[in-house]
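# Inside the fold
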Amino acid sequence: MAATDEEVPSIEHPLLESDFLERRRYQLQLAGTAADDHTLVCLPTGLGKTTVSLLVTARRLDEVGGTALMLAPTKPLVQQHADFYREALQIPDEEIVVFTGEVSPDDRSALWAEATVVMATPQVIENDLVGGRISLSDVTHLTFDECHRATGEYAYNYIAERYHADAADPLVTGMSASPGGDEEAILEVCDNLGLRDVAVMTREDADVEEFTHDTDVEWERIDLPDEVLEIRDALNEVITDRLEKLKELGVASSTQPDQSQKDLNEMRAELQKLINNDQSEGYKGMSAHAEVMKLRQAVTLVETQSVEALRRYFERQRNQARSSGASKASQRMVSDPRVREAMRKAENFDELHPKYSKARMLLAETLGLEDGERVIVFTESRDTAEALTDFLSESFDARRFVGQGDREGSDGMTQTEQQAVLEDFRAGEFEVLVSTSVAEEGLDVPEVDLVLFYEPVPTAIRSIQRKGRTGRQSEGRVVVLMAEDTRDEVYFWISRRREKEMESELRQLKRMADDLADELDDAQQSLADFDASESAEPGEADEPAGSGSESAGTAADGAGEGGTATGGATTSAEAAGAGSSRNGGVGGQPGLQDFAGETSDDADDNPSVSGGDETGTPAPSGDSGAIEIVADQREMDATIARDLSKREDVSVRLETLDVGDYVCSDRVVVERKSTADFVDSLVGGERSVFEQVGAMARHYSRPVVVIEGEGLYEQRDLHPNAIRGALSSLAVDFDASVLRTESEADTTDLLEVIAGREQEVSDREISVHGEKQDKTLGEQQEYVVASIAEIGPVTARALLEEFGTVEAVMTARKDDLLGVEGVGPVTAERIREVVGSDYAG
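Residues numbered from 1 in each chain as written. Predicted model: local features only at pLDDT ≥ 70, side-chain atom pairs only at ≥ 80, totals over all residues. Heavy atoms only, no water.

Next up on the list: the overall build of the chain. Each helix and strand counted, the chain has 36 helices and 19 strands in total. Each of the 841 residues in the chain was classed as buried or not, and the buried ones make up 50%. A separation of at least 24 residues holds for 72% of the contacts in the chain among residues at least 6 apart in sequence. For the chain, the accessible area works out to roughly 39,000 Å², and carbon and sulfur atoms hold 45% of it. (Helix = DSSP H or I, 4+ residues; strand = E, 2+ residues; numbered from the N terminus. Buried < 20%, exposed > 50% of the residue type's maximum accessible area, 1.4 Å probe, protein only. Contact = heavy atoms within 4.5 Å. Areas by Shrake-Rupley, 256 points an atom, 1.4 Å probe, with all protein chains shown as cover.)

Shown next as structure tokens:
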């Protein structure tokens, strides 16, 4: 072997390309630990966390077989991992597949069956699991990259729960350079992902130190010009004025404009209490509070970003204030003389923002005087990223790198565009990358000579990840721009404190790794014991938790909760009468047992109640097997479809529905709205609830509206009778059932009950196109008139009652149409335009 090979030995393995991976002791040590149990791997950015996962994957595929799945939070990161694995593994490239939203669901299902390694974004895998398109049963290694995201309702948590439940031989590896700011956060991530061991390496470890270089952080203080300070002061004056109003209400203790976010959150909580007590002051205060929040955002932009970013923000606020359904807070803010004066000054400001000048100077030093090759500039604002790219392009070869989401005045980048930009940056095609937070996590951009923070980052995790972009192969430089006497200084101290806490936690995590692993193991063992003891019936302690009888009991309990929470079932006599075929309640109507479901104990006590055999097993009703619920893809923001998919007797299918959010049968479609969404749909928005329910009623004979949450009469400054009138119209005019639920969990239970009664009790089939039914002549006439200009069924009936025939409605003059109740000038004009205009096909 040559001398160079002896100095830098490589890792050899049956599934790894020879001489591809440098042999690093710390990576092998971490991989050895991760291969033995579900492990959290903590390693500083740039030191090869992906290599650790690759080594575990290669070992598992070689020894166990099956499929490996690696999840990463962004599409560019997924593609990067796939490219690395294709280079490193002796597996045909076509067996290492990429799953993102750009791959169709049908194609993903086919690719999954043939793949050995799958790289994916978590949202795609979550959707495929919920929709039943893939199974994790054969996955032998699951990697969660940037696993610190596994908090709240992030998709990682659902996938981990399903994996531990479904996989025949599971192994989980969580990877992060910064798993959390404290022990509690780290334990939460481990608990959510089912991790039982912790493997940590820091830059101080001997095996790691030789591969790291110091990265000093320099803080450049920036003085803002008087014109910028005048704009800020004018906005702060309005904030102080609004806080005075809140102080008069007793919810604010100070009128200083630099209130902490915690203080503002407490104010909002106090205002909500006033609203809950039906005090009108609460609504006025909440509107003033909304103004404060908008104005604080404007101040932050002018202080820490640029006047250009502020101009774009003001433009969006003006457009919002002009839109239908605009809030009073938006309208009042843009009409305030002091705000209008600040807008005018921002429009007239034509000087260079000092942060722009300093950024250009630092880049000139790095790329010119110091012969540097690459620089990354990070900013929190997409507006700033775009404006700064334009400015820096006058002197350097600069390109932007932003996320895919679009918003008014700011176009995102497609995955293909992102990938092309990164490839060009690695290849040295340009020298300055101006990026928002999309490049923070794990992207293998090349080592750079300078990382420039346009503003301090208050979150320790993000700050550490950004600084990890430099100092990989040589000493790097990190500079943070900080505007004097602004929120930048607040963020500076927050960032410094949190980073010190993070470094301390990682060192402590390193010291206590063994104890923490024991704590995780004990906690999960205790949870398993708890589940077993709770689920087993007396005398059945040896029966495994999750047995068939226990699951049946749980399903029955869930059904009972759903029925109780809604305060009743359906308004349809036909649906109620269908229950008699199962248990025959009094007078042919279903009894309480029919709605609640029965446990096996109930059946043993009274076999005749269940209609089952002597063992107490309920007799099947309708087709056997799981009930199916079709959920709209856009409902994945809620937890309902995910929770339904975890239930043993429920099958979920994801579709893009034309009407409604959930289909429970060929005649029942459900539109789910939170209380806030419901009220918003009454006063504005692209589509009112009446249009939505009208469309549902044209396809399904049993439309259902579920209103979820509390405070229905407290969402906006609307009289309760206006909301009651809308509820009445939905029930009376549209023949829709309106049901109330307390939470997403309550809605989940209700949907299962509805679908169960439709499919099992009434023996209905599922149909995303609705029920094919013959309409009466009158219904057909109403349908034709209602569709003329989308005027709705109520007005259609009024027109037919007035004119007698469809033909007469079609030929009526505008003045005659105006004589019908519910038809105004706009509606009359629309009818005449549709009926009398030439065909525009």
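This part covers helix 31 (residues 744-761). The periodicity of an α-helix, 3.6 residues per turn, causes residues three or four places apart in sequence to face the same way. In a regular helix each residue adds 1.5 Å, so 18 residues correspond to 26 Å; helix 31 covers 25 Å between its end C-alpha atoms and thus fits that length. In terms of burial, helix 31 is a largely internal element, 15 of the 18 residues being buried. Among the residues trailing helix 31, Asp763 stands out with phi positive, at a value near 55°. (Expected span 1.5 Å × (residues − 1).)

So, about the pattern of salt bridges. What the rule picks out here adds up to 49 salt bridges. A salt bridge links Asp816 to Arg813; the shortest N-O distance between them is 3.4 Å. According to the relative accessible area criterion, Arg813 is exposed, its value standing at 55%. One continuous salt-bridge network, built from bridges that share partners, spans Glu237, Asp241, Arg242, Lys245, Glu291, Arg332, Asp336 and Arg338. (Salt bridge = Lys/Arg side-chain N within 4 Å of Asp/Glu carboxyl O.)

Once that is clear, we can look at the confidence of the model for the chain. Of the residues in the chain, 76% have a pLDDT of 70 or more, and the chain-wide mean is 77. Note that pLDDT drops below 50 for residues 1-6; the model gives that stretch one contact with residues more than four away or on any other chain. For the stretch residues 525-589, pLDDT sits under 50, and the model shows 65 contacts to residues farther than four places along the chain or on other chains. (pLDDT = per-residue confidence, 0-100.)

The interhelical angle for the contact between helix 6 (residues 122-130) and helix 7 (residues 155-166), taken along N-to-C directions, is 45°, at an axis separation of 9 Å. Between helix 6 and helix 7, the angle falls in the class oblique. Viewed along their axes, helix 6 and helix 7 form a crossing whose handedness is left-handed. Where helix 6 abuts helix 7, its residues Pro122, Gln123, Ile125, Glu126, Leu129 and Val130 lie against Ala155, Tyr156, Tyr158, Ile159 and Arg162. Partitioning the contact of helix 6 with helix 7 into residue classes produces eight nonpolar, one polar and two charged. (Axes fitted to C-alpha atoms, helices over the stretch in contact; angles between N-to-C directions. Parallel < 35°, antiparallel > 145°, perpendicular 65-115°, else oblique. Left-handed = near helix turned anticlockwise from the far one by under 90°. Nonpolar A, V, L, I, M, F, W, Y, C, P; charged D, E, K, R; others polar.)

Counted according to the given criterion, the structure contains 11 aromatic pairs. A centroid spacing of 6.1 Å and a plane angle of 40° characterise the contact between Phe20 and Phe84, whose relative ring orientation is tilted. Here Phe20, found in the loop between helix 1 (3-7) and helix 2 (25-36), pairs with Phe84, found in helix 4 (residues 75-88); they are 64 residues apart in sequence, far enough to count as distant. A ring pair is formed by Tyr356 and Phe391, whose centres lie 5.1 Å apart and whose planes are at 40°; its orientation type is tilted. With Tyr356 in helix 16 (residues 354-369) and Phe391 in helix 17 (residues 382-392), the pair connects residues that are 35 residues apart, well separated along the chain. Phe391 gets classed as buried once you look at its relative accessible area, which sits at 9%. Chaining the aromatic ring pairs together yields one cluster made of Phe20, Phe84 and Tyr85. Taking the ring centre of Tyr454 as reference, the NZ or CZ of Lys355 above it sits at 5.0 Å. We note Arg724 situated over the ring of Tyr713; from NZ or CZ to the ring centre the distance is 4.8 Å. (Phe/Tyr/Trp six-rings, centres within 6.5 Å; stacked < 30°, edge-to-face > 60°. Lys NZ or Arg CZ within 6 Å of the ring centre and 35° of its normal.)

Strand order in the open sheet made by the seven strands is 3-4-2-5-6-1-7, with parallel pairing throughout. The open sheet terminates on both sides in strands that have one partner only, identified here as strand 3 (96-99) and strand 7 (197-200). Going across the sheet, the axis of each strand differs from the next one's by a mean of 15°, ignoring polarity. In the sheet, strand 3 pairs with strand 4 (residues 117-120) via four bridges, with the strands oriented parallel. Each bridged residue has a counterpart across the sheet, and for Ile96 the counterpart in strand 4 is Val117. Along the sheet, helix 3 (residues 49-63) contacts strand 1 (39-42), strand 2 (67-71), strand 4, strand 5 (139-145) and strand 6 (172-176); its crossing angle with strand 5, the most-contacted strand, is approximately 175°. (Pairing = 2+ DSSP bridges.)

Ordered in space as 15-14-16-17-18-19, the six strands form an open sheet in which the pairing is mixed. Each having just a single partner strand, strand 15 (650-655) and strand 19 (737-741) make up the two edges of the open sheet. As paired strands, strand 18 (residues 702-708) and strand 19 are joined by five bridges and run parallel to one another. Paired with Glu708 across the bridge in strand 19 is Thr741. Helix-sheet contacts for helix 31 involve strand 14 (627-632), strand 15, strand 16 (662-663), strand 17 (668-674), strand 18 and strand 19, and the interaxial angle to strand 14 is about 130°.

Turning to the environment of Gly819, a few remarks are in order. Inspection of the secondary structure puts Gly819 in the loop between helix 35 (814-817) and helix 36 (825-836). Through-space distance from the C-alpha of Gly819 to that of Glu802 is 9.1 Å; in sequence the pair is 17 residues apart.

Scanning the model with the defined rule gives zero disulfides in all. Cys42 takes part in no disulfide bond, and the closest cysteine sulfur to it belongs to Cys147, at a distance of 6.7 Å. The buried category is assigned to Cys42, whose relative accessible area is 1%. (Disulfide = S-S within 2.5 Å.)

Membership of the largest hydrophobic core comes to 58 residues, with the highest contact counts inside it found for Leu69, Leu71, Trp112, Ile125, Phe144, Ile159 and Leu193. Per element, the largest residue contribution to this core is five residues, and it comes from helix 7. Setting aside anything within four residues of it in sequence, one finds Ile125 in contact with Leu69, Leu71, Phe99, Trp112, Ala120, Ile134 and Ile159. The next biggest cluster of nonpolar side chains, apart from the first, holds 39 residues, and it includes Val238, Val251, Leu274 and Met286. (Core = buried A, V, L, I, M, F, W, Y, C linked by side-chain atoms within 4.5 Å.)

So, about unusual backbone geometry. Look at Glu146: it is not a glycine, yet its phi comes out positive at around 50°. Locating Glu146 in the fold gives a position in the loop between strand 5 and helix 7. The phi angle at Asp735 is positive, at roughly 55°, despite the residue not being glycine. Given a relative accessible area of 57%, Asp735 falls into the exposed group.

Between helix 13 (residues 307-322) and helix 14 (residues 328-335), the shortest axis-to-axis distance is 9 Å and the interhelical angle comes to 125°. Put simply, helix 13 runs oblique to helix 14. Helix 14 is crossed by helix 13, and the crossing has left-handed handedness. Here Gln317, Arg318, Gln320 and Ala321 of helix 13 lie close against helix 14, whose contacting residues are Ser330, Gln331, Met333 and Val334. Here the contact of helix 13 with helix 14 is composed, by residue class, of three nonpolar, four polar and one charged.

As a further point, take the environment of Gln261. Turning to its location among the elements, Gln261 is positioned in helix 11 (residues 261-276). Gln261 gets classed as partly exposed once you look at its relative accessible area, which sits at 38%. Counting along the chain gives 32 residues from Gln261 to Met293, while the straight-line C-alpha distance between them is 9.5 Å. Excluding its chain neighbours within four sequence positions, the residues that come into contact with Gln261 are Met293 and Arg296.

The next thing to look at is the side chain of Thr300. The topology assignment puts Thr300 in helix 12 (residues 280-304). Look past the residues within four positions of Thr300 in its chain and what remains in contact with it is Gln305 and Arg487.

A cluster of acidic side chains, namely Asp226, Glu227, Asp350 and Glu351, defines a negative patch on the protein surface. For Glu351, the location among the structural elements is in the loop between helix 15 (337-348) and helix 16. (Patch = residues over 30% accessible without salt bridge, like charges linked within 9 Å, V, L, I, M, F, W, Y side chains within 5 Å. Lys, Arg positive; Asp, Glu negative; His and termini not counted. Charge placed at Lys NZ, Arg CZ, Asp CG, Glu CD.)

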